[in-house]
Amino acid sequence: MTKIKSLEKRRNIKIKLFVQVFFFVTILLTAINESLSKKNITIPFISNASLHGLCPFGGVVSIYKFATEGSFVQKIHESLVVMLGIVVFLSILFGPVFCGWVCPLGSVQEWIGKLLFNDVDSYYALFNVWTGEVTIQAIILLIVVLVSSLFSEKVIQERNG
């Protein structure tokens with residue numbers, strides 16, 4: 001019985017990876033196409049696609065602008081409000097299906113997260129340093145990140161007023 005569940009889990013992981021790569025490549029090609037179109041070059045099968053038109057969170061911006069100013073954002077089509085509604089509905093039904101399967105940013109975060117591991121994750125170290133589960137590498141990286149933040153442009157500007 002557990003062997004069947006293991007096979008199903010591996011199949012689901014493969015399907016998820018396929019969906020993630022499909023959407024990542026589609027949106028990457030759309031972004032490349034937008035850059036190329038400024039030079040009068042287009043990728044034939046996505047020549048009219050808009051990068052702004054593929055992100056349902058443009059619907060959030062449009063709803064806010066519509067509520068405050070009575071008009072939608074020019075670059076963002078009104079259909080994104082419908083897309084946002086679909087994403088919210090699917091998320092309520094199935095959990096983080098959009099961020100985990102469709103959104104290229106969520107996919108990249110997941111892929112990078114698999115490379116970091118808790119052994120060197122400064123975020124994990126910050127909130128688990130007292131548990132004894134944090135490696136010395138993660139603690140060192142956390143210290144480097146915290147010390148480096150003292151020299152960031154924003155911190156320096158705040159200190160200088």
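The model shown is predicted, which means the values in this text are computed figures rather than measured ones. (Residues numbered from 1 in each chain as written. Predicted model: local features only at pLDDT ≥ 70, side-chain atom pairs only at ≥ 80, totals over all residues. Heavy atoms only, no water.)

Asks: Is there a simple way to think about the overall build of the chain in this case?
Replies: Counting its secondary structure elements, the chain contains eight helices and zero strands. Starting at the N terminus and walking to the C terminus, you meet the elements of the chain as α-α-α-α-α-α-α-α. For the chain, with 161 residues in total, the buried portion stands at 19%. Look at the contacts in the chain between residues 6 or more apart in sequence, and 33% of them connect residues 24 or more apart. Only carbon and sulfur atoms are counted for the fraction: they give 70% of the accessible area of the chain, which is about 12200 Å². (Helix = DSSP H or I, 4+ residues; strand = E, 2+ residues; numbered from the N terminus. Buried < 20%, exposed > 50% of the residue type's maximum accessible area, 1.4 Å probe, protein only. Contact = heavy atoms within 4.5 Å. Areas by Shrake-Rupley, 256 points an atom, 1.4 Å probe, with all protein chains shown as cover.)

Asks: For this particular structure, what's the right way to read the packing of helix α2 (residues 58-69) against helix α3 (residues 79-94)?
Replies: A pair of packed helices is captured by two measures, namely the crossing angle of their axes and the spacing between those axes. Close contact between α2 and α3 brings their axes to 8 Å; oriented N to C, the two are set at 120°. One finds that α2 runs oblique with respect to α3. Handedness of the crossing formed by α2 with α3: left-handed. Note on element contacts: α3 touches α2 through L80, V81 and L84, opposite G58, G59, V60, S62 and I63. Looking at side-chain class alone, the contact of α2 with α3 contains five nonpolar, three polar and no charged residues. (Axes fitted to C-alpha atoms, helices over the stretch in contact; angles between N-to-C directions. Parallel < 35°, antiparallel > 145°, perpendicular 65-115°, else oblique. Left-handed = near helix turned anticlockwise from the far one by under 90°. Nonpolar A, V, L, I, M, F, W, Y, C, P; charged D, E, K, R; others polar.)

Asks: Just to check I follow, could you spell out a nonpolar patch on the surface for this structure?
Replies: Together, I112, L115, L116, V120, I136, I140, L141, V144 and V145 make up an exposed nonpolar region whose accessible area comes to about 770 Å². Where the nonpolar patch is concerned, the elements lending two or more residues are α5 (104-116) and α7 (136-149). Element by element, the count of residues in the nonpolar patch is highest for α7, at five residues. Considering the arrangement of structural elements, one finds V144 in helix α7. (Patch = residues over 30% accessible without salt bridge, like charges linked within 9 Å, V, L, I, M, F, W, Y side chains within 5 Å. Salt bridge = Lys/Arg side-chain N within 4 Å of Asp/Glu carboxyl O.)

Asks: Looking at this structure, I do not really get the nonpolar core. What am I missing?
Replies: Nonpolar side chains in soluble globular proteins generally cluster together in the buried interior. Of all hydrophobic cores here, the largest spans five residues; its members are Y124, A125, V134, A138 and L142. Listing elements by their share of this core, those giving two or more residues are α6 (122-128) and α7. The contacts of L142, once residues within four sequence positions are left out, are S122, A125 and L126. (Core = buried A, V, L, I, M, F, W, Y, C linked by side-chain atoms within 4.5 Å.)

Asks: Could you clarify how one ought to interpret the confidence of the model for the chain in this entry?
Replies: If pLDDT is low for a region, its predicted coordinates should not be looked at in detail. Of all residues in the chain, 89% have pLDDT values of 70 or greater, and the mean over the chain is 81. Element-level pLDDT for the chain is lowest in helix α8 (residues 153-160), with a mean of 66, against a maximum mean of 88 in α7. (pLDDT = per-residue confidence, 0-100.)

Asks: I tried to follow the pattern of salt bridges on my own but got confused; where do I start?
Replies: On inspection of all chains with the given rule, the structure shows two salt bridges. Here K16 makes a salt bridge to E110, at a shortest N to O gap of 3.1 Å. Taken together, the residues span a long stretch of sequence, with K16 in helix α1 (residues 2-37) and E110 in helix α5 at a distance of 94 residues. A relative accessible area of 21% places K16 in the partly exposed class. We classify E110 as partly exposed; its relative accessible area is 23%. Measuring nitrogen to oxygen at the nearest pair gives 3.9 Å for the salt bridge that ties E69 to K65. On the criterion of helical spacing, the pair formed by E69 and K65 is a turn pair, its members being four residues apart in helix α2. On the basis of relative accessible area, K65 is assigned to the partly exposed category, the value being 23%.

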